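Topology and contacts: notes
Here is what each chain is made of, one letter per residue.
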Amino acid sequence: MATPRAAAAVAAARPSTPRRRARARAGDGRHLDATADAVRAAGVAARRAAPRTGRAEDGEEDARGRRAVYVETYGCQMNVNDSEVMMAVLEGAGYDETKEVNDADVILINTCAIRDKAEAKIWQRLAYFRSLGNGKKRSEKPVVGVLGCMAERIKEKLLEADRLADIVAGPDAYRDLPNLIDAVVGNPGGKAMNVQLSVEETYADIIPVREAGSHSAFVTIMRGCDNACAFCIVPYTRGRERSRDLASIMYEIRLLSEQGVKEVTLLGQNVNSYAGEPASATTTDFLSSLRGESKDPIAELASASTERLASASGSAFVGYADGFASRYDPERKRAGTIQFAELLDKVASVDPEMRIRFTSPHPKDFPDDVLRVIRDRPNVSKCLHMPAQSGSSATLERMARGYTRESYFALIDRVKAMIPGCAITTDIISGFCGETEDDHEDTVSLMSAIGYEQAFMFAYSEREGTAGQRHQIDDVPEDVKQRRLQEVIDAFRARAAEKQQMEIGSTHCVLVEGPSKKNSDEWTGKTDTSKWVVFEKNDAIGKYAGDEDAPTSGSYGVKPGDYVAVRVTGCSTGTLFGQVLGKTSLVEFQNLHGAQWTTPKSSNGASAR
Ligand code: SAM
Ligand code: SF4
């Protein structure tokens, strides 16, 4: 049985618009590769006779009904958003999402290839999905598709290895999914694959199908990566850097604001390398079609998205943060484009009550004009992800990161000087090729000196085809990698515990997310600095007026999606505990607290090295 997943409200109200466009594109077969072509003819023939074909054509449901698709997503937030895009394409082609794998006609697994461990899990799941067809007639076995980065990396081997998958689709092939599925359904033994990477696909005209009622949303603004860090598979699985045009992003942000979404995270593999044009022909066409079809506020949103941006023009490349470089020529790619500072400013201006975050950035793309927008816009989160990867200049050089330990420290100092109280998070890799004990100690000392609020720390996992694998030797033994990783984690935790303690007594503007999993009498929410806070439910609060010593009383109830002022009264390693003081808004809280959105007891001095 298919469980309908609530689409974005507007998309649901006028289901045909973005989805019909997606289907029209999906049908042109431009990107189909030889494997898919080979099976398509057989697939189409078999489909005519197949008993359970239910693909919708031109908005009309087939008499035999819609198909149920089960989607499982691994990896980063971009994969989560990609699955939402994929669902928009599939809903328009006659599929509904089911949360129950046993009910699925089609099982899709959206994968990650960043480390070997991520892939090991996918192989296990594939074996399980295949076993669901055991004992069933061929025509009743679910079709299994592998999508995303691992699909792009392994390609046809996924179709061959134990025949665990029927479909393989890379991250730029989601418009083609209905074709790929059709080529396989009713065609026992059929296989279909599209792993063509694109230099222009941004899915700009597809409105993702999001979970109903959520107050947070992901919006992908760019895809791919041109950096080629020596350890990283992303440029090979996600292709070249390309940015979605400003008009389509603004349209989606306005739509989310209309729907009451309170937190948007802008996404990209290198999100702050954004370099887009004001409005692409595809978007102008898409928005015009909305204007023509609708008589509701969406028509206005569509107009605003192109007309107000008609005057937007690109600017010269302002440069990287001091001391940062890249191997490619940014002037060539970015001159005359809308760059990240401008995009962030425009996105933040849409709704002052919508908190804006972004991930995953590269530290090189934090020049002062980006930091100024973050500082000056109250609704841009004061929590910056600054992936260091290593604290050793020698290791950073081998990783081809384009900066040194010193320039990284200088950037952190700059952030702390320009944005007092800004939380900083990071990614670290332990045991990269050639890493010595001294290099490792440099990373440990970086963790201690900076005091990150959050860190994602990994042992190096060699990826086939990367510069690290081709030109360097993975010479740090596994047990040494693990020992070093643990030491890095310990150094992070020691400072993180101190920082948690220093939060006690501070007051945060918290976006309420939902009931606590451990205790339904408590709410959980997130601070501007991305920390989880748990506080007791209190349904009789008043408006917060800046008094941090006593909770207000009144008749406001608290519900998910509200902003409340919470004073921190205790903490564990990963969670703050607090008392709700009153209802507030992002703007009101900023007016009361000024640039100091919390009252931390910590100093924001320069980092000791
Ligand atoms: N674009 C971001 C940057 O420039 O730092 C990083 C995004 S990357 C997709 C996510 C994180 O995965 C990286 O920051 C890195 O720490 C980790 N990672 C990537 N390749 C890895 C590998 N081969 N082994 C271990 N960790 C890896
Ligand atoms: Fe990977 Fe980030 Fe480097 Fe790109 S910039 S290659 S995504 S680590």
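Look up: the structure comes first, before these words.
A brief structural summary. (Residues numbered from 1 in each chain as written. Chains lettered and ligands numbered in written order. Predicted model: local features only at pLDDT ≥ 70, side-chain atom pairs only at ≥ 80, totals over all residues. Heavy atoms only, no water.)

Comments concerning the site of ligand 2
Threshold: Residues are classed as near a molecule or strand on a simple rule: at least one heavy atom within 4 Å of it. Gly falls in the polar group here, along with every residue not listed as nonpolar (Ala, Val, Leu, Ile, Met, Phe, Trp, Tyr, Cys, Pro) or charged (Asp, Glu, Lys, Arg).
The full set of residues close to ligand 2 is Cys225, Asn227, Ala228, Cys229, Phe231, Cys232, Val234, Pro235, Gln269, Asn270, His362 and Arg401. Residues belonging to the shell around ligand 2 are distributed by class as follows: 7 nonpolar, 4 polar and 1 charged.

Observations regarding the pairing of strand β15 (residues 423–430)
We count it as follows: Exposure classes here rest on a 1.4 Å probe applied to the protein chains alone. A residue is buried below 20% of its type maximum, exposed above 50%, and partly exposed in between. Here a helix means four or more residues in a row that DSSP labels H or I, a strand means two or more in a row labelled E, and each is numbered from the N terminus. Two strands form a pair only when DSSP identifies at least two bridges running between them. Here, the term right-handed applies to a crossover whose path from the first strand over the helix to the second runs clockwise when the strands point away from the viewer.
Counted residue by residue, β15 has 8 buried out of 8 residues, so it is predominantly covered. Burial along β15 is two-sided: Ala423, Thr425, Asp427 and Ile429 and Ile424, Thr426, Ile428 and Ser430, pointing in opposite directions, are all buried. Looking at chain direction, strand β14 (residues 383–385) and β15 are connected through 3 bridges and run parallel. Bridge pairing in β15 links histidine 385 to threonine 425. A crossover links β15 with its parallel partner strand β16 (residues 454–459), the connecting element being helix α18 (residues 437–450), and its sense is right-handed.

Observations regarding the pattern of salt bridges
As a reminder, the rule being used: One speaks of a salt bridge when a side-chain nitrogen belonging to Lys or Arg is within 4 Å of a carboxyl oxygen belonging to Asp or Glu.
Within the structure shown, the criterion is met by 44 salt bridges. We note a salt bridge from aspartate 528 to arginine 355, for which the minimum N-O separation is 3.6 Å. Of this pair, aspartate 528 sits in the loop between β18 (522–526) and β19 (532–536) while arginine 355 sits in strand β13 (residues 355–359), and the two are 173 residues apart along the sequence. Across this residue pair, the class does not change: aspartate 528 and arginine 355 are buried. Sharing partners across several salt bridges, the network here consists of Glu435, Glu437, Arg483, Arg484 and Glu487.

Remarks on the site of ligand 1
Where we set the bar: Polar contacts here mean pairs of N or O atoms no more than 3.5 Å apart (in protein, one a potential hydrogen donor and the other a potential acceptor; neighbouring residues in sequence count only if both atoms are side-chain atoms). Using a 1.4 Å probe, accessible areas were evaluated by the Shrake-Rupley method; residue-level cover was limited to the displayed protein chains.
Gln269, Gln389, Arg401, Asp427 and Ser461 are the nearest of the 18 residues found near ligand 1. Within the contact set of ligand 1, a nitrogen atom lies 2.8 Å away from a backbone nitrogen or oxygen of serine 461. Burial of ligand 1 by the surrounding chains reaches 89%, relative to a free accessible area of 560 Å². Taken together, the elements giving at least two residues each to the shell around ligand 1 come down to β15 and β16.

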